[in-house]
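Here is how the chains run, residue by residue.
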Amino acid sequence: MTLKRVVLALLLLALLTTGYFYFVLNWSYSSGERAGWIQKLSKKGWVCKTWEGELALVSIPGSSTVEKFQFTVADDAVAAELTQVMGKRVTLHYEEKVGLPTSCFGETRHYVTKVAVASDISLSPGVVVHTQPAEPASTPASAPEGVR
C-alpha cells in the first residue's frame, strides 16, 4: 500500500512538472518588436546549447548612446536567418517568457521568433531615410526620335 502511494505521488509530481513546463514554454508574458543592428550572435551553453544575441538599438543615428537588447533564439532556422542579415538593420519579433527555472532554456527572457530586414530608417517623426536604391526612371516609349 505504501509503495503504491509513493509511485502515485511521483507520477503526479512528474505530471505536474510536465504540465508546468508545457504551459511556460507555450505561453508568453508579452510580445513585441525591436529594430536595430545585430551586434552579436553565438551558440552558448555547457549542456543545453542556445543561440544568444545582442541587438544595438540606436534612437538617433550618430548619437553616442546605444541601448543593447539581449535576446535568445531557440530555433536554428531563425538563427540561420539572423546570421544571413548581420550588418543590416533588422526588425526582430520576440516573445517574453517568464517562469523558466534554469538558464538551460536560454540566458534571457526574450525569445526571437521572426526576423525581417527593415527597409526604412526613421530619423524623427515625418523624416524617413529609404535604404533601398530608387529605380531608374524609364524613358517614354512614344516620344519622337529626336526628343529623347
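Quick caveat: nothing in here was measured; it's all calculated off a predicted structure. (Residues numbered from 1 in each chain as written. Predicted model: local features only at pLDDT ≥ 70, side-chain atom pairs only at ≥ 80, totals over all residues. Heavy atoms only, no water.)

Draft legend 1. Layout of the pairing of strand β4 (residues 89-96). β4 sits mainly inside the fold: six of its eight residues count as buried. In terms of strand pairing, β4 meets strand β5 (residues 110-117) through seven bridges, oriented antiparallel. Residue pairing in the sheet places E96 in a bridge with H110 of β5. (Buried < 20%, exposed > 50% of the residue type's maximum accessible area, 1.4 Å probe, protein only. Helix = DSSP H or I, 4+ residues; strand = E, 2+ residues; numbered from the N terminus. Pairing = 2+ DSSP bridges.)

Draft legend 2. Geometry of the confidence of the model for the protein chain. With 74% of its residues at a pLDDT of 70 or more, the protein chain has an overall mean of 79. Ranking the helices and strands of the protein chain by mean pLDDT puts helix α2 (residues 76-84) first, with 93, and strand β7 (residues 127-130) last, with 52. (pLDDT = per-residue confidence, 0-100.)

Draft legend 3. Highlighting α2. The set of residues buried in α2 consists of V78, A79 and L82. Summarising the axial view, the buried residues of α2 lie within an arc of 100°, below the 170-degree limit, and thus occupy one face. In this fold, the buried residues of α2 make contact with β1 (30-44), β2 (50-57), β3 (67-73), β4 and β5. Its side-chain oxygen at 3.3 Å from the backbone nitrogen of A77, D75 defines the N-terminal cap of α2. (Arc of directions from axis to C-beta. Contact = heavy atoms within 4.5 Å. Polar contact = N/O pair within 3.5 Å; in protein donor to acceptor, adjacent residues only side chain to side chain.)

Draft legend 4. Spotlight on the environment of N26. Tracing the chain through its elements places N26 in helix α1 (residues 2-26). The exposure class assigned to N26 is exposed, which follows from its relative accessible area of 52%. In sequence terms N26 and K97 are 71 residues apart; their C-alpha atoms lie 8.6 Å from each other.

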